[in-house]
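# A closer look at the structure
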Amino acid sequence: MDEAIVVGSLVKRYGSFAAVDGISFTVNKGEIFSLLGPNGAGKTTTIEILECIRSYTSGDARVLGYDVSKPRDAREIKKLIGVLPQDFSTFENLKVGEVVGFFAGLYGGKHEYDDILQSLDLSNDRNKKFDDLSGGMKQKVGIASAIVHEPEIVFLDEPTTGLDPGSRREVWKFITRLKERGKTIFLTTHYMEEAQLLSDHIGIMNRGKIAALDTPQRLIAQYGGCKKVELKLKDESLAAKISQDFETVRKNDKITVYIKNTRDLNRLMVETDYEDIEVMTPTLEDVFLKVVGINLEE
Ligand SMILES: Nc1ncnc2c1ncn2[C@@H]1O[C@H](COP(=O)(O)OP(=O)(O)OP(=O)(O)O)[C@@H](O)[C@H]1O
Ligand SMILES: [Mg+2]
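Described below are features of the structure shown in this document. (Residues numbered from 1 in each chain as written. Chains lettered and ligands numbered in written order. Predicted model: local features only at pLDDT ≥ 70, side-chain atom pairs only at ≥ 80, totals over all residues. Heavy atoms only, no water.)

Attention now moves to the overall build of the chain. For the chain, the count of helices and strands is 11 helices and 14 strands. Seen through its principal axes, the chain has C-alpha atoms that stretch 75 × 45 × 35 Å. Of the contacts formed within the chain by residues at least 6 apart in sequence, a portion of 67% connects residues at least 24 apart. Between the centroid of the 40 positive side chains of the chain and the centroid of its 47 negative side chains there is a distance of 4 Å. (Helix = DSSP H or I, 4+ residues; strand = E, 2+ residues; numbered from the N terminus. Contact = heavy atoms within 4.5 Å. Lys, Arg positive; Asp, Glu negative; His and termini not counted. Charge placed at Lys NZ, Arg CZ, Asp CG, Glu CD.)

In this structure, the second largest pocket encloses a volume near 310 Å³. Within the residue set of the lining of the second largest pocket, elements represented by two or more residues are strand S6 (81-84) and helix H5 (135-147). For the lining of the second largest pocket, a count of residues per class yields eight nonpolar, five polar and two charged. (1 Å grid on protein atoms, 1.4 Å probe; cavity = no way out; pocket = protein on both sides within 12 Å on 5 of 7 lines; lining within 4 Å. Points joined across faces, edges and corners; volume = space filled by probe spheres on them. Nonpolar A, V, L, I, M, F, W, Y, C, P; charged D, E, K, R; others polar.)

For the rest of this paragraph, the subject is the nonpolar core. In terms of nonpolar packing, the biggest core is built from 32 residues, with Ile116, Leu120, Val141 and Ile175 touching the most fellow members. Elements with a contribution of two residues or more to this core: helix H3 (96-106), helix H4 (114-119), H5, strand S7 (153-157), helix H6 (165-180) and strand S8 (184-188). Counting 27 residues, the second-largest nonpolar core is a separate cluster that includes Ala4, Val20, Phe33 and Ile153. (Core = buried A, V, L, I, M, F, W, Y, C linked by side-chain atoms within 4.5 Å. Buried < 20%, exposed > 50% of the residue type's maximum accessible area, 1.4 Å probe, protein only.)

Here we take up the coordination of the magnesium ion (ligand 2). Taken together, Thr44 (OG1) and Gln86 (OE1) make up the full set of protein donors to the magnesium ion (ligand 2), lying 1.9 to 2.1 Å away. Of the two residues, Thr44 is situated in helix H1 (residues 43-50) and Gln86 in the loop between S6 and H3; the sequence distance between them amounts to 42 residues. (Donors = N, O, S within 2.8 Å, 3.2 Å for Na, K, Ca; no water.)

With phi around 50°, Leu64 is a residue other than glycine that occupies positive phi space. Structurally, Leu64 can be placed in the loop between strand S4 (58-63) and strand S5 (66-67). Even without being glycine, Glu150 reaches a positive phi, approximately 55°. Note that Glu150 resides in the loop between H5 and S7.

What follows concerns the pattern of salt bridges. Applying the stated rule across the entire model yields 22 salt bridges. When the shortest N-O distance is used, the salt bridge between Lys128 and Asp125 registers 3.1 Å. The shortest N-O distance in the salt bridge between Lys241 and Asp245 comes to 2.7 Å. A residue pair is termed a helical-turn pair when its members lie 3 or 4 positions apart in one helix, as Lys241 and Asp245 do in helix H9 (residues 238-245) at four residues. Taken together, the shared-partner salt bridges in this structure form one network comprising Lys241, Asp245, Asp264, Arg267 and Glu271. (Salt bridge = Lys/Arg side-chain N within 4 Å of Asp/Glu carboxyl O.)

Listed below in structure tokens is the structure:
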């Protein structure tokens, strides 16, 4: 079995409102899968169903072959997964080392966690009280606690929210190392560069539905749109000629040119006398905005 998670036509209703509205996707073993989407799209609801802590209305959800809706299967799943909830909080008055030690004990008591603390740069904080930590440090303690028992699948619901750029990169490295050790990682994030960098597959959720599902590269090719070239011209009179040949937008002293292919890009660069040029290739952020229907240029 190569599938870690299989979800089919999954629905979660609260009264008449469908928080999850018939989604289907598969997560392969050993990959990083990211579920993206605007606030309220249904990501946490989906994750919690897979973690067997939230019931669902209809459809099917399997984790490592076990059916999340069956209590006996759910007990097996819970042994095989690690969870960082969106709002990780823990017992007051415990120190960092005690929090991670508590979770290690909860899952069998034999787990070493010095390495984990070290790789998240928490070694020097192990005697600090959890309550006295900054938000980002608490988040890292949550990540350490989620993986201390060597789970096969790690669910990380917004693991880097509130982290400074350096800590965020530490967590990226940490997640990459988890993958190298054969773990399957199920991630949600609002940081598109993070999802683009880390993910093997991405699902973009919007209003309870999966609006797009593919590898980051294929999503960018399909939805990312044109390359954009921003030019500051040496001679303003050139703008009219460029606008005849290409789709353009003027803003202050710059002209943005939308480029459909590399030949057009070469032509523009050779034929135009410019003072400054910036070539922007589409990113996952462009894909996200397109797929969830946000047009900033209107
Ligand atoms: N217990 C509940 N009762 C009613 N509605 C709920 C309940 N829990 C969640 N919802 C609704 O379900 C929708 C999806 O919520 P969810 O937490 O899954 O979104 P999300 O994609 O994780 O958003 P965010 O990016 O803000 O974390 C929201 O509209 C939310 O208000
Ligand atoms: Mg959420």
